[in-house]
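# Notes for the structure review
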Amino acid sequence: MGGTFDPIHYGHLLAAEEARFRFNLSRVIFVPCGTPPHKKPYKVTPAEHRYAMTVLATASNPYFVVSRIEIDRPGPSYAIDTVKIFRQQFGYGVEIFFITGLDAVLEILTWKNHDELIQLCQFIAVNRPGYDSEKLREHLPPSYLDRISLLSIPGIDISSTMIRERVRKNEPILYLTPETVCDYIAKHGLYK
Ligand code: ATP
Ligand code: MG
């Protein structure tokens, strides 16, 4: 599961856990991006902070691990480069699923080498409030749809953007993300 995780929140965690359970995954690898290739409209928090928060949030789940692969790789983080390395590491006997929210998979045609990526791994797309799964059929060719499984989860209307905004306005973020992440944000004065 790739993302900016700025910060990680319960939407990410629920999506990952539901995917793990429904698809019987042996492991979920969270991959915080180094430099997001699609320019974000705000200054992304240094990768080490995003990595640390992702580790804190996932530590108690025995199936969850966090990879530094994109953080340690210089230049923009492209999913294709990461999945190719995982494919090499794990071999062809291992199935790789890319877990995303609907909003992310709807943009897949803008990703680097998306035609190669969609062959290299299957996609699990979870619903996200505000995004309609019907749009997938309008946006993506059938050969792509064959590689994407929709996974229905209890909709979680939380985004990292919302959490950053709430911190900036001195509003609480407890119960939107794990307490360890709330404490880390406060300790380092992030998003002020
Ligand atoms: P931002 O508001 O900064 O874009 P975000 O909450 O969208 O943050 P990302 O790090 O951009 O989080 O998302 C990483 C992945 O998690 C994407 O595939 C995204 O679709 C998915 N995701 C994020 N939040 C949710 C949510 N609430 N429900 C389902 N999927 C989500
Ligand atoms: Mg996002």
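Note: the structure precedes this text.
Within any chain, residue numbers begin from 1 and follow the written order of that chain's sequence. The naming scheme follows written order: chains are lettered A onward, ligands numbered 1 onward. Only residues with pLDDT of 70 or above have their local features reported here, since the model is predicted, and side-chain atom pairs are shown and tallied only from 80 upward, although totals for entire chains, interfaces and linings are computed over all residues. To obtain the side-chain values, all non-hydrogen atoms of the structure were included, while hydrogens and water were left out.

## A look at the side chain of Thr45
Within the secondary structure layout, Thr45 lies in the loop between β2 (28-32) and α2 (47-58). Whether a residue is buried, partly exposed or exposed follows from its accessible area with a 1.4 Å probe, protein chains only, as a fraction of its type maximum: under 20%, in between, or over 50%, in that order. Residue class for Thr45 comes out buried when judged on its relative accessible area of 11%. There is a polar contact of 2.7 Å between the side chain of Thr45 and the side chain of Asp6. Only heavy atoms enter the contact rule, under which two residues are in contact if any of them lie within 4.5 Å. If we ignore the near neighbours within four places in the chain, the residues touching Thr45 are Asp6, Arg50, Leu190 and Tyr191. Helix numbers and strand numbers start at the N terminus; a helix is a DSSP run of H or I with at least 4 residues, a strand a run of E with at least 2. Here a polar contact is recorded for every N or O atom pair within 3.5 Å, except that within protein the pair must consist of a potential hydrogen donor and a potential acceptor, and residues adjacent in sequence are included only if both atoms are side-chain atoms.

## Side note on the site of ligand 1
For this purpose, a residue is taken to be near a molecule or strand whenever a single non-hydrogen atom of the residue falls within 4 Å of it. Inspection of the region around ligand 1 gives 22 residues, with His9, Asp103, Ile156, Ser160 and Thr161 positioned closest. In this structure, an oxygen atom belonging to ligand 1 sits 3.0 Å away from a main-chain N or O atom of Gly101. At a separation of 2.4 Å, an oxygen atom of ligand 1 approaches a polar side-chain atom of Thr161. To be clear on the numbers: accessible area is Shrake-Rupley with a 1.4 Å probe, and residue cover counts the displayed protein chains and nothing else. In the complex, 91% of the free accessible area of ligand 1, which totals 590 Å², lies under the protein chains.

## Quick look at the sheet that holds strand β4 (residues 97-101)
Spatially, the three strands line up as an open sheet ordered β4-β5-β6, and their pairing is parallel. Two strands bound the open sheet, and with one partner strand each, they are β4 and β6 (148-151). Neighbour-to-neighbour, the strand axes of this sheet turn through a mean angle of 25°, independent of strand direction. Note on pairing: two strands pair once DSSP finds at least 2 bridges between them. Sheet topology note: the β4/strand β5 (residues 122-126) ladder contains five bridges and is parallel. Axis lines are fitted to C-alpha atoms, over the contacting stretch for helices. Their N-to-C directions set the angle, which ranges from 0 to 180 degrees.

## Remarks on the sheet that holds strand β1 (residues 2-3)
Strand order in the open sheet formed by three strands is β1-β2-β3, with parallel pairing between adjacent strands. Either end of the sheet is taken by a strand with one partner, and the two such strands are β1 and β3 (64-66). As paired elements, β1 and β2 share two bridges and run parallel to each other. Its bridge partner being in β2, Gly3 is matched across the sheet by Pro32.

## Observations concerning the side chain of Ser67
One can find Ser67 in the loop between β3 and α3 (79-90). Within the structure, Ser67 has its side chain in polar contact with the backbone nitrogen of Ile69 (distance 3.0 Å). Ignoring anything within four residues of it in the chain, the contact list for Ser67 reads Ile29, Phe30, Val31, Pro32, Tyr51 and Phe86.

## Here we look at the environment of Pro32
Within the secondary structure, Pro32 is located in strand β2. Given the relative accessible area of 0%, Pro32 is considered buried. Considering only alpha carbons, one finds Pro32 and Asp6, 26 residues apart in sequence, at a separation of 8.9 Å. Beyond its immediate stretch of four places on either side in the chain, Pro32 contacts Gly3, Phe5, Arg50, Tyr51, Thr54, Val66, Ser67, Glu70 and Ile71.

## Here's the deal with helix α1 (residues 10-22)
The span you would expect from a helix comes to 1.5 Å times its residue count less one. Here α1 contains 13 residues, and its C-alpha end-to-end distance of 18 Å stays within 8% of the 18 Å for a straight helix at 1.5 Å per residue. Within the sequence span of α1, burial applies to Gly11, His12, Leu13, Ala15, Ala16, Glu18, Ala19 and Arg20. Just beyond α1, the residue with positive phi is Asn24, at close to 55°.

Taken by themselves, the reported measurements are silent on function.
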